[in-house]
Each structure stands twice: as C-alpha cells, then as structure tokens.
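For reference, the chains in residue letters:
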Amino acid sequence: TTVSGSVYSLSFASASTQYVNYGTDSSLDFSSGDAFTIIAWVNVASLSSTVPRTIVSKWNTTGSMRSYAIDITTGGRIRAVISTDGAAETQNYSSHFLLTGVWYFISVVYDSTQPTDLHRLRILINGVDCTVPANSAVQDTIPAVLKSSTASFYVGHKQNPTTDPMDGKIDNLRVYNAAKSHSFVNQVMWRDLLDGKGRYTTPVFDLGQSANTGCLEWTETSPADSKIAFNESADISNAEVRVSETA
C-alpha cells in the first residue's frame, strides 16, 4: 500500500501499477433488474495510442467475469461497457472528446427499464447527456441483465486485462445502486463546485484535513442507495490502495 502527499485528488501514473482495489463487495455486484449510477471527477493526463484509460471497473476477462467498466478511449471519448454473460461486451460512448489536463464531471447511468438501448446506458459529461452508439450506424443491444461477477471493483485499473491503467487524477467517486436523474447528477456537480471540491480547469480538490493518510470513504453514505464515495474522509481500511495523492 502506497499513499503519499497531501490530501487532494488520487493521482494514477500509467507507467506504474497504481490502483484502488475494493475487492468483491457484493454491494457493487449488479445483476438482473439492477440499476446503477457512477459519478466521478476525472482529469486524464495523457491518452494512450493503444489502450484505454480505466476510471472504474468490475472487469476480469479471466473466467469470463466481465460486468461493467468505464474508461477513456485512445481518442479521448468516455466509454461505458457492460456484459450480460461475462464474455460479450456491449457499450455506448460519449460524443464529447476529453482534453488532457482538464477536470470533467463524468456520470454513467445504467437503467434496464428504459425502452431504448441508447437510453439504457447513458453518459453525461459536466451534467450534459452526450451518449452515442458504439457505431453511428448500428446501436449495440444494451442488455437488461448484467453479469453477476466475482471480479474485484477497481479504481484506475481493471483486474484483467492489466494493460489499461489510468494516467491522471480521479476524485469524489460515488456509486449508487439506482438510476439517478439528470437533475440529481447536476445537483451533485454544482454542490461539489460550490463547496470548492470541483474545478473544470484547476486541478486542486480539497477533500479533507488529514495529510498522508488517503482520502477514501468506503462506507454507506446518504442517501441510502449510495454505495461508496471517496471524499471527506481518510478511511482506507477496506481497500488496497496503490496510488499517490497530488494537488
């Protein structure tokens, strides 16, 4: 476990093995009829020409244990990818391309009850829905059932393949076991901004007062369907952490 520096955002370097591994907590295992919303502030330092930059994942290609992942493509688009059987992959993308060195408020909402594939898996950037199909001519069939996977929940990496590391910073990660509305997502974004915990261009998020200990809060938080958040706390007792902290 390596956590160093002041309590700001979690910084991941692609050249080294840095990640947060929360393990196989069942509260993060979504399956039949489930919904989820994943929110995070993301600042990617560089894009790879060959592999995506992983934001979060419950994804293990070994033993067909893919479930869901959010990453940044080689071209800079957000990709939300899910699997119904642990082997097949279906995905939607953002129409917006991220710039390096800029903070973005990223949200992915999965809702199996939506009537169309485009709306079943939605991507919002800075509170705006910018979801597009994987292929402009052919929409992937987004399944109503997710794979119940034994893969660990990773931040900044995938369990397998291990070649898709994040390069940059991630902050204020939140996971909800509900399909949150646009209004809710925007409320979270503006609350972060007004509280001084989010910046579009300034890479400083003050997440707590305890130095040299980490800034992860792996606890049940309000509202009741909130699963994890890393903000406002230095409690990292439930996670294997291999990251650095930087302003």
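Here is what the cut-offs are and how they apply
- Residues numbered from 1 in each chain as written.
- Predicted model: local features only at pLDDT ≥ 70, side-chain atom pairs only at ≥ 80, totals over all residues.
- Heavy atoms only, no water.
- Core = buried A, V, L, I, M, F, W, Y, C linked by side-chain atoms within 4.5 Å.
- Buried < 20%, exposed > 50% of the residue type's maximum accessible area, 1.4 Å probe, protein only.
- Helix = DSSP H or I, 4+ residues; strand = E, 2+ residues; numbered from the N terminus.
- Salt bridge = Lys/Arg side-chain N within 4 Å of Asp/Glu carboxyl O.
- Phe/Tyr/Trp six-rings, centres within 6.5 Å; stacked < 30°, edge-to-face > 60°.
- Lys NZ or Arg CZ within 6 Å of the ring centre and 35° of its normal.
- pLDDT = per-residue confidence, 0-100.
- Contact = heavy atoms within 4.5 Å.
- Pairing = 2+ DSSP bridges.

J.: Mind showing me how you'd approach the nonpolar core here?
T.: The tendency in soluble globular proteins is for nonpolar side chains to be buried side by side. In terms of nonpolar packing, the biggest core is built from 37 residues, with I78 and F153 touching the most fellow members. Examining the composition of this core, we find that 5 residues originate from one element, strand β3 (residues 35–44), more than from any other. Listed in part, the 12 residues of the second largest apolar core include F105, V188, M189 and L193.

J.: Even after reading the chapter, I still don't get the pattern of salt bridges, so can you show me in this structure?
T.: Once the charged atoms of two side chains with opposite charge are near each other, the side chains can pair. Within this structure, the stated rule accounts for 6 salt bridges. K158 serves as the salt-bridge partner of D164, at 3.2 Å between the closest nitrogen and oxygen. Each member of the pair D164 and K158 is classed as buried. Shared partners join several salt bridges into a network, and the residues in it are R66, D71, R79, E89, K158 and D164.

J.: How should I be thinking about unusual backbone geometry in this particular structure?
T.: The phi torsion of most residues other than glycine is negative, and most of the peptide bonds are trans. Residue P161 is reached from N160 by a cis peptide bond, and omega for that bond is 5°. Within the element layout of this structure, P161 appears in the loop between β12 (153–155) and β13 (168–176). One non-glycine residue, S64, lies in positive phi territory at about 50°. Looking at the element boundaries, S64 is found in the loop between β4 (53–58) and β5 (68–72).

J.: Is there a simple way to explain the packing of aromatic side chains in this structure?
T.: Two numbers describe a pair of aromatic rings. These are the distance of the centres and the angle of the planes. The tally for this structure, following the rule as stated, stands at 8 aromatic pairs. Taken together, a centroid distance of 5.1 Å and an interplanar angle of 35° make the contact between F36 and Y68 tilted. Separated by 32 residues along the polypeptide, F36 in strand β3 and Y68 in strand β5 bring together distant segments of the chain. Per residue, the accessibility class of F36 equals that of Y68, and both read buried. Each member of the aromatic cluster is reached from another via a ring pair, and the members are F30, F36, Y68, Y110 and F153. Here the basic side chain of K180 rests over the ring of F184, its NZ or CZ set 4.5 Å away from the ring centre.

J.: Sorry, what's going on with the confidence of the model for the protein here?
T.: Close inspection of predicted coordinates is inappropriate for parts of the model with low pLDDT. Per-residue confidence for the protein gives a mean pLDDT of 76, with 73% of residues at or over 70. Model confidence for the protein, summarised as mean pLDDT per element, is weakest for strand β16 (residues 244–246) at 43 and strongest for β5 at 96. Between residues 1–7, whose pLDDT stays under 50, and residues either more than four places distant or in other chains, the model counts 29 contacts. Across residues 198–247, confidence stays below pLDDT 50; counting only partners more than four residues off in sequence or on other chains, it has 179 contacts.

J.: Looking at this structure, how should I read the pairing of β5?
T.: For a regular strand, side-chain orientation follows a simple rule: the groups alternate between the two sheet faces. By the criterion of burial, β5 is predominantly enclosed, with 5 of the 5 residues buried. With 5 bridges joining them, β4 and β5 adopt antiparallel strand pairing. Along β5, the bridge assignment pairs V56 with I70. Where β5 hands over to strand β6 (residues 77–82), the hairpin turn is made up of 4 residues, of which G76 adopts a positive phi near 100°.

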